[in-house]
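Below are the chains, spelled out letter by letter.
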Amino acid sequence: MIEISALTKSFGARGVLRGVDLSVRPGRVTALVGSNGAGKTTLIKCLLGLVRADSGEIRIDGARVGDDPAYRATIGYASQMSRFPEHLTAREVTRILIDLRGTSAVIDWELFERLALAPHLDTRVRALSGGTRQKLAVALAFLFAPRVLVLDEPSAGLDPMANAVLKDKILSERADGKTVLVTSHVMSELEELADDIVFLRAGRVGYAGSVQKLRVYTGHPHLERAIASMMAREAVCA
Amino acid sequence: MRIVAKLAAFQLVDVLRSRWLFGYAIFFLLTTEGLLRFGGDATRALVSLTSIVLFIVPLAAIVFATVYVHRAREFIELLLAQPVGRSAMFAGTYGAMAVSLSAGLVVGVGTPFVLRGGAGVAGAAGVLVGTGVALTLVFAGAGVALALRTDDRLRAFGIALGAWACTALAYDAVLLVLATAMAGAPLERPLLAATFANPIDLARVVMLMHLDISALMGYTGASFTRFFDASSGMVIAAASLAAWAAGPALLGARLFRRKDF
């Protein structure tokens, strides 16, 4: 469970998050959507402690996001910008994260197997294709069986087969009661995965609720149309 | 400490596998060997080597650190999304950079001297390597701080080159022009302060005071000798250089703890 209250963040004079209140429920896949610059990445980075909020509070499974990094042991994270040290092998990159988590960490190798990463583990990162690097990034996000998954455009660069494996894994994690927060610009993907939608509009929550309710709210049966309709309203308001 | 060591170890492996560091070490190896073989007596070779170290080490350290931090940014973000504190992450990253660059210098400059049994100037060679390591720490710390402060890679790279040019090339020349323009004014104390304000000048003073060659100290360095005798001057300059070595790293650590990635 992720609970966010009155979260604000500005970069200089530009207010990026302007009082975000939000609950992301466990056992559901929540899609974070919004136009470019709406604050999606900043919100995700606040969750991970990469960006310090100006005010407000975030709690993940009851633990307050702050200076103590221990809360991040419950989080798995993958971004669309998967860059690893070029002279290390995929196995070494994986080993680093395992070492940092310590011996008590539960290891889930399922995605390494299903994404067929084994033949690439002893290849240096610089020799891996962009798609294989992204497979590695996604597999690392799930490696420690985290209770909370934060996936920022995880399918960017994945081939259709790998994407299908990823979606299966997300759905199985949901079935296990995990909290999944995902962003994507591929609406068909969100249509398949998302239970809830959070629509960010200029740093505020414009809509937060189930996909079903959004369809009713906008009058569009398809998610892509429904979200486009929300964005169109945003443009009119602006 | 366990986490810092692990973070530093993998980054060290990454850096050591890059050809860049080997090129750096081999450059100093060939230069030192060439000067010892063809540069006249060992003291003269050491003086020439001092000029090269004071010129190349700050440039290599500040450029390498700036580029490394920018290139590693996405991976730093991934690591900071793990249960790892920022101070540990900074210490591991800076530590790996400082150790690898210093190792390149120590191996490159030190090996020819070791193979020649010190070549009669073992102590001075040790001082040169020590001042080179101190300059590595100063400029690697400055490079990290710069990369953290400036998100635009090209801009950071340009500032790094500018900072090096100001401290290594322009500093003495500008002071000389000012002193000439203000001839007759009591400038000893401002010039002494100017020596403390530039770590490259301090490193030059340490090295040349050890070799007792004040004529080669540069304009600011020469003023240093008017205030201090050889032994106290060298201790004061070395202590100041050590303080310089810590300063940029502490600034980098502070920026790293507060940075929005």
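The shown structure was predicted, so the numbers you read here are calculated from the model rather than taken from an experiment.

Cut-offs applied
- Residues numbered from 1 in each chain as written.
- Chains lettered and ligands numbered in written order.
- Predicted model: local features only at pLDDT ≥ 70, side-chain atom pairs only at ≥ 80, totals over all residues.
- Helix = DSSP H or I, 4+ residues; strand = E, 2+ residues; numbered from the N terminus.
- Rg over C-alpha atoms; globule rule 2.2 N^0.38 Å.
- Buried ≥ 20, exposed ≤ 12 C-beta atoms within 10 Å, placed from the backbone.
- Contact = placed C-beta atoms within 7 Å.
- Pairing = 2+ DSSP bridges.
- Axes fitted to C-alpha atoms, helices over the stretch in contact; angles between N-to-C directions.

A. Molecular detail of the overall build of chain B. Across its full length, chain B carries eleven helices and zero strands. Seen in sequence order, chain B has helices and strands lined up from the N terminus as α-α-α-α-α-α-α-α-α-α-α. In terms of C-alpha radius of gyration, chain B reaches 19 Å, essentially the compact-globule figure of 18 Å for 261 residues. Counting across all 261 residues of chain B, residues that qualify as buried make up 46%. Restricting the contact set of chain B to residue pairs at least 6 apart, pairs at least 24 apart contribute 78%.

B. Region of interest: the sheet that holds strand β7 (residues 148–152) of chain A. Residue and element names in this part refer to chain A. Read across the sheet, six strands follow the order β6-β7-β8-β3-β9-β10 without closing on themselves; strand pairing throughout is mixed. Of all strands in the sheet, those bounded by a partner on one side alone are β6 (75–78) and β10 (204–210). Here the strands of the sheet are splayed against their neighbours by 15° on average, with no regard to which way each runs. Note that strand β9 (residues 196–201) and β10 share six bridges and pair antiparallel. Bridge assignment links Asp-196 to a residue of β10, and that residue is Ser-210. Strands β6 and β7 of the sheet are contacted by helix α4 (residues 130–142), whose axis makes an angle of about 170° with β6.

C. Looking closely at the pairing of β9 of chain A. All names here are of chain A. Among the six residues in β9, five count as buried, and that is most of the element. In this sheet, β9 lies alongside strand β3 (residues 28–34) in parallel orientation, the contact comprising five bridges. Each bridged residue has a counterpart across the sheet, and for Ala-31 the counterpart in β9 is Ile-197.

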